[in-house]
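# A closer look at the structure
One letter stands for each residue in the lines below.
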Amino acid sequence: MGSFTGASTGASSAAPTGSSAAGASGSGSGSPAAGASPSASGSASRSASGRSPGRSAGRAPGAPGNAPARAPGTSPGTAPEGERAVTVRVPAKVNVQLAVGGVRPDGFHDLANVFLAVGLYDHVTAAPAGPGAGCAVTCEGPGSDRVPLDRGNLAVRAAELLAAHHGRAPDVRLHIAKDIPVAGGMAGGSADAAGALLACDALWGTATPRHVLLELCARLGSDVPFSLVGGAALGRGRGELLTEVPVSGTFHWVFALADGGLSTPEVYRACDRRRGAAPVPEPEPDPALLAALREGDPRALAARLANDLQPAALALRPSLADTLAAGRAAGALAGLVSGSGPTCAFLAADADAAAALAASLEASGTCRAARATTAPASGAVLR
Ligand SMILES: C[C@](O)(CO)[C@H](O)COP(=O)(O)OP(=O)(O)OC[C@H]1O[C@@H](n2ccc(N)nc2=O)[C@H](O)[C@@H]1O
Ligand SMILES: Nc1ncnc2c1ncn2[C@@H]1O[C@H](COP(=O)(O)OP(=O)(O)OP(=O)(O)O)[C@@H](O)[C@H]1O
């Protein structure tokens, strides 16, 4: 297993329980510029003309900052000559093993978190904005009405954090084309944060070294480093300390998308409540699961899929039991709740089996939609 550098626990400023996880403090650009709209935004997109509630309970929006100072003689939103918009594609994830330890003093949980990037993608575009414009964001796609358009948006925090790191203004118009389900347990917000970091770094020409990008990712959230690197990786610590995991071949997955989302901190809290005072073993990666990935064996992987958050997610959303039962009845090798849910993930033997399984799940009425795709997928890439 190769190591990724940079993402260290010590670098973290993410907040465990309700306080701001923003690592962007000091950039002084809390107010998105009203009306800015990147060329990539479609007619259905929302723009940052108003404030909306921030990320779920565990990630309250950062305190609104002052509007950035405007250079004399410039108006916000006027793009400098010569800069071109940059688009980054970034994948969703499924946790094939999510072993959750006890609560740490900082409120997070130590994990043995085996991530697999899957072929559902968001696209994050960073377009130039004039001096003093600050960071504005627009969003289109399924569930985009539930995506905050202020500093509660992880992509905005990422742009501000990168700008602060380089001592420059965070002038940029971000646009998010969402396909990753919102609050679905597939790291959609984390993907957008990683995508925004990479896109702004290219737009601004800041040439940030990879290990520094990974440190910034870890400050934004536990899943964000993995969204940058993609592929397959073991996450230790709170999930941000990554080691590459070798994978052979292609795994075929079907994702059953649910109506609405589940709050990640609520699911962790429900997990703790269910455990009560019982001792919690140290989370350890499962050697048989790692071998199944290495050997590209879907049946062996199916036998080892495990998610310690699943009982809590099922308790919070009992209807997911019907979704899991429908997938298994329709021939899935195995199914589990993806991360904190409510998306359910099913492993299929091959592409044909995945297509048939997706059709059966849609017909079952136990999910909003079903999507067949493959893994591992690449991490964040410039388009
Ligand atoms: C469930 C997973 O998606 C599995 O990959 C992750 O563990 C969650 O990662 P994430 O959404 O990036 O989480 P963060 O933004 O870092 O934290 C959100 C909240 O989730 C809880 N949290 C998260 C990660 C972790 N190891 N322990 C936790 O208890 C905390 O309540 C925290 O306040
Ligand atoms: N760019 C973003 N896209 C989606 N949600 C965002 C974004 N930025 C902030 N949020 C907020 O974060 C909450 C969680 O959304 P997200 O899609 O990241 O959940 P998730 O996939 O379950 O996260 P994870 O799997 O990493 O725990 C949303 O309800 C929303 O309020």
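The protein carries the name 4-diphosphocytidyl-2-C-methyl-D-erythritol kinase in an unreviewed UniProt entry, which gives Streptomyces hoynatensis as its organism. Of the comments in the UniProt record for the protein, the one headed Catalytic activity (unreviewed entry) reads "4-CDP-2-C-methyl-D-erythritol + ATP = 4-CDP-2-C-methyl-D-erythritol 2-phosphate + ADP + H(+)".

Let's shift gears to helix H10 (residues 351–364). End to end, H10 covers 20 Å across 14 residues, agreeing with the expected 20 Å (1.5 Å per residue, within 8%). Buried within H10 are the following residues: Ala354, Leu357, Ala358 and Leu361. Here the buried residues of H10 occupy an arc of 105° about the axis, which is enough to place them on one side. What points out from H10, more than 90 degrees from its buried face, is the exposed set Asp352 and Ala363. The inward-facing, buried residues of H10 abut strand S7 (251–257), helix H9 (320–329), strand S10 (344–348) and strand S11 (369–375). Capping the start of H10 is the job of one residue whose side-chain oxygen sits 3.2 Å from the backbone nitrogen of Asp352: Asp350.

Attention shifts here to the nonpolar core. Soluble globular proteins tend to bury their nonpolar side chains together. With 78 residues, the main nonpolar core has Val96, Val172, Leu174, Trp253, Phe255 and Leu301 as its most contacted residues. Looking at which element gives the most residues to this core, the answer is helix H2 (residues 188–204), with ten residues. When residues are assigned to domains, this core turns out to be shared by domain 1 (39–48 + 82–245) and domain 2 (251–375), each giving three or more. When residues no more than four places from it in sequence are discounted, the contact partners of Leu301 are Val96, Phe251, Trp253, Leu289, Ala292, Leu293 and Leu347. In terms of nonpolar packing, the next biggest core, distinct from the first, is built from 27 residues, Ala312, Ala313, Ala326 and Ala358 among them.

Another aspect to go through is the sheet that holds strand S9 (residues 334–337). Strand-to-strand pairing in sheets goes through backbone hydrogen bonds, with the strands running parallel or antiparallel. Strand order in the open sheet formed by four strands is S9-S10-S7-S11, and the pairing between neighbours is antiparallel. Here the strands that pair on one side only, and so sit at the sheet edges, are S9 and S11. Within this sheet the neighbouring strands show an average axis-to-axis angle of 25°, counted without direction. Bridge analysis of S7 against S10 gives five bridges, and the strand direction is antiparallel.

Rules used in this analysis
- Counting of residues starts from 1 at the beginning of each chain's written sequence and follows it residue by residue.
- The lettering of chains begins at A and the numbering of ligands begins at 1, in the order of writing.
- Where totals are concerned, whole chains, interfaces and linings use all residues; where local detail is concerned, this predicted model gives features only for residues with pLDDT of at least 70, and gives and counts side-chain atom pairs only at 80 or more.
- Note: side-chain values were computed over all heavy atoms of the structure, leaving out hydrogens and water.
- UniProt positions are given in the numbering used here, feature names are shortened, and annotations may be inferred rather than shown by experiment.
- Per the convention used, a helix needs a DSSP run of H or I reaching at least four residues, while a strand needs a run of E reaching at least two, with both numbered from the N terminus.
- Any helix carries an expected span of 1.5 Å times its number of residues minus one.
- Buried residues are those whose accessible area, probed at 1.4 Å on protein chains only, stays under 20% of the maximum for their type, while exposed residues exceed 50% and partly exposed ones sit between those limits.
- The directions considered for the arc run from the helix axis to the C-beta atoms.
- The criterion used for residue contact is that any of the two residues' heavy atoms lie within 4.5 Å.
- Side-chain atoms alone can form a polar contact between residues adjacent in sequence; in general such a contact is a pair of N or O atoms within 3.5 Å, and within protein one must be able to donate a hydrogen while the other accepts it.
- Among the buried residues, those of types Ala, Val, Leu, Ile, Met, Phe, Trp, Tyr and Cys that are joined through side-chain atoms within 4.5 Å form a nonpolar core.
- Start and end points for every domain follow an automatic or database-based domain assignment.
- Pairing between strands is defined by DSSP: at least two bridges between them are needed.
- Interaxial angle, 0 to 180 degrees, is taken between N-to-C directions of lines fitted to C-alpha atoms, where a helix line uses only the stretch in contact.

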